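Working through the structure, step by step
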Amino acid sequence: MNHEKYIQRCLELAKKGIGTTRPNPSVGAVIVHDNFIIGEGYTSPYGGSHAEVNAINSVENQELLKESTIYVTLEPCSHHGKTPPCADLIVKKQIPNVVIGCVDTNSLVAGKGIERLKKAGCSVTVGVLEDECFKHHKRFFTVQNKKRPYIILKWAETKNGFIAPKIKDEQKPVWISNAYSQQLVHKWRSEEHAILVGTNTVIVDNPSLTVRSWTGNNPIRIVIDRTLRIPQDVNVFNDQAKTIVICEKKGELENRERISFEEIDFSKNIAQQICGVLMKNNIQSVIIEGGQQTLQTFIEENLWDEARIFIGESEFEDGIKAPVFSTALEMIKTTITSEEKIENDILRIYTND
């Protein structure tokens, strides 16, 4: 049987749940009988059924489960959470074969699901398209293993390496990327838990940081405002999404229920402290869309996993230079994992090695 084919299908299904299942991972599951798919499922929004349950429930003739193979991107859970353990359901339904993309590193699972299945007599295969499955579950694994959110840096720069002109006229913001690239960014926002910007970005550009050109949930807005300089009437303080203000001394905004304040010490390790704030608020992933200073802060502290950079066609005579992948001591090792054209823009994606 072509295990990779069916795990690939699991990954396709799993993508449908990204942005809705957190803090649970978005898992995909497929059930195969005599080389035919008889059931499929992916993780429901948080509090709902897991992928394995949805796939099993989709099978019309439940008797066929006793002669089938279930494929999953991630090891079935073995603990009670919002729902009963998926490993127990697989055993109960007497599914004889289980093929798993990657092992769950969560200490509540960590091989226990596989052990439960094997003890019940299931044939278990582990590690099919393991790298692809691990990459798909990158947000979940980063929180589990690094104790911080998955961090995505994002910016657009001109051909000659500027992210903003030196002086802005009436046009705010000044767009470097095209409309298709901007729509893609809104899709990304719908997939991630939070989005972060600095004080100057809010004051100069007055962004909304919402999903407007796509469908999905708005991310939680994280705003760095050390001395609370940002006016109260800006877009990030509207009621379209929750906003967390990171500052050195808490303030308050009149009649704003969806705004909270978190204090940090701005004299040291700003990015690390921000990660602590995000973890405190159970945030699994964040897009850093701030200006040069905010982006460079995360690079300097080497707290990032992925960088998504648009390179537009325009050039500025002078302006604010794009961030650079370096620290005070050495160049950070980065890898270009992909490069594609979006109309006349180039999108490069880097990973932090």
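Look a little higher up for the structure.
Presented here is a report on the structure given in the accompanying data block. What you see is a predicted model, and the numbers here were worked out from it, not measured in a lab.

What counts, and where the lines are drawn
- Residues numbered from 1 in each chain as written.
- Predicted model: local features only at pLDDT ≥ 70, side-chain atom pairs only at ≥ 80, totals over all residues.
- Heavy atoms only, no water.
- Buried < 20%, exposed > 50% of the residue type's maximum accessible area, 1.4 Å probe, protein only.
- Helix = DSSP H or I, 4+ residues; strand = E, 2+ residues; numbered from the N terminus.
- Arc of directions from axis to C-beta.
- Contact = heavy atoms within 4.5 Å.
- Phe/Tyr/Trp six-rings, centres within 6.5 Å; stacked < 30°, edge-to-face > 60°.
- Lys NZ or Arg CZ within 6 Å of the ring centre and 35° of its normal.
- Salt bridge = Lys/Arg side-chain N within 4 Å of Asp/Glu carboxyl O.
- Core = buried A, V, L, I, M, F, W, Y, C linked by side-chain atoms within 4.5 Å.
- Pairing = 2+ DSSP bridges.
- Axes fitted to C-alpha atoms, helices over the stretch in contact; angles between N-to-C directions.

With that out of the way, let us pick up helix H4 (residues 112-119). All buried positions along H4 are accounted for by Gly113, Ile114 and Leu117. Buried positions in H4, seen along its axis, are confined to an arc of 100 degrees and lie on one side of it. Residues of H4 that are buried make contact with helix H3 (86-92), strand S4 (97-102) and strand S5 (123-126).

On to the packing of aromatic side chains. Scanning the entire structure with this criterion turns up seven aromatic pairs. Aromatic pair phenylalanine 325 and tyrosine 350: ring centres 5.2 Å apart, planes at 45 degrees, arrangement tilted. Of this pair, phenylalanine 325 sits in the loop between strand S14 (319-321) and strand S15 (334-342) while tyrosine 350 sits in strand S16 (residues 345-352); the two residues are 25 residues apart in sequence, bridging distant segments of the chain. Since its relative accessible area comes to 13%, phenylalanine 325 is described here as buried. Of the residues examined, tyrosine 350 reaches a relative accessible area of 14% and is grouped as buried. Aromatic ring contacts, followed pair by pair, group Trp155, Trp304, Phe325 and Tyr350 into a single cluster. Over the ring of tryptophan 188 we find arginine 308, and its NZ or CZ is 4.6 Å from the ring centre. Cation over ring: lysine 321 sits above phenylalanine 162, and NZ or CZ is 4.7 Å from the ring centre.

Attention now goes to the pattern of salt bridges. Per the counting criterion, the structure on display carries 16 salt bridges. In this structure, the salt-bridge partner of arginine 9 is glutamate 40, at a minimum N-O distance of 2.7 Å. You can see arginine 9 sitting in helix H1 (residues 3-14) and its partner glutamate 40 sitting in strand S2 (residues 36-42), a full 31 residues away along the chain. On the accessibility criterion, arginine 9 (25% relative accessible area) is partly exposed.

One recurring pattern in soluble globular proteins is that nonpolar side chains are buried together. One finds Ile56, Ile70, Tyr71 and Val98 to be the most contacted residues of the largest nonpolar core, which totals 39 residues. Sorting the residues of this core by element identifies H1, strand S1 (28-33), helix H2 (51-57), strand S3 (69-74), H3, S4, H4 and helix H6 (138-146) as the ones contributing at least two each. If you tally residues by element for this core, the top one is H1, at five residues. Among residues more than four places away in sequence, those in contact with isoleucine 70 are Val30, Ile31, Glu52, Ile56, Ile90, Ile95, Asn97, Val98 and Val99. Counting 32 residues, the second largest nonpolar core, distinct from the first, contains Ile151, Ile274, Trp304 and Ile311.

One open sheet holds the nine strands; their spatial order is S11-S10-S9-S8-S12-S6-S13-S16-S15, and the pairing between them is mixed. Each edge of the open sheet is held by one strand with a lone partner, namely strand S11 (259-263) and S15. Neighbouring strand axes in the sheet, compared pairwise and without regard to direction, differ in orientation by 20 degrees on average. Strand direction decides the pairing type here: strand S6 (residues 150-157) and strand S12 (residues 285-288), joined by four bridges, are parallel. The residue bridging tyrosine 150 from the neighbouring strand is serine 285, located in S12. Set on the sheet, helix H10 (residues 292-300) makes contact with S6, strand S8 (194-197), strand S9 (220-224) and S12; between it and S6 the angle comes to about 135 degrees.

Looking at where arginine 189 falls in the secondary structure, it is placed in helix H7 (residues 179-191). Sequence-distant contacts of arginine 189, defined by excluding residues within four places in its chain, comprise Ile195, Leu209, Thr210, Val211, Arg212, Asn217, Pro219, Ile287 and Glu289.

With six of its six residues buried, S1 lies for the most part within the structure. Burial along S1 is two-sided: the residues Gly28, Val30 and Val32 and Ala29, Ile31 and His33 are all buried. The turn linking S1 back onto S2 is made up of two residues, and aspartate 34 within it adopts a positive phi angle of 50 degrees. Summarising the sheet, S1 and S3 pair through four bridges and their orientation is antiparallel.

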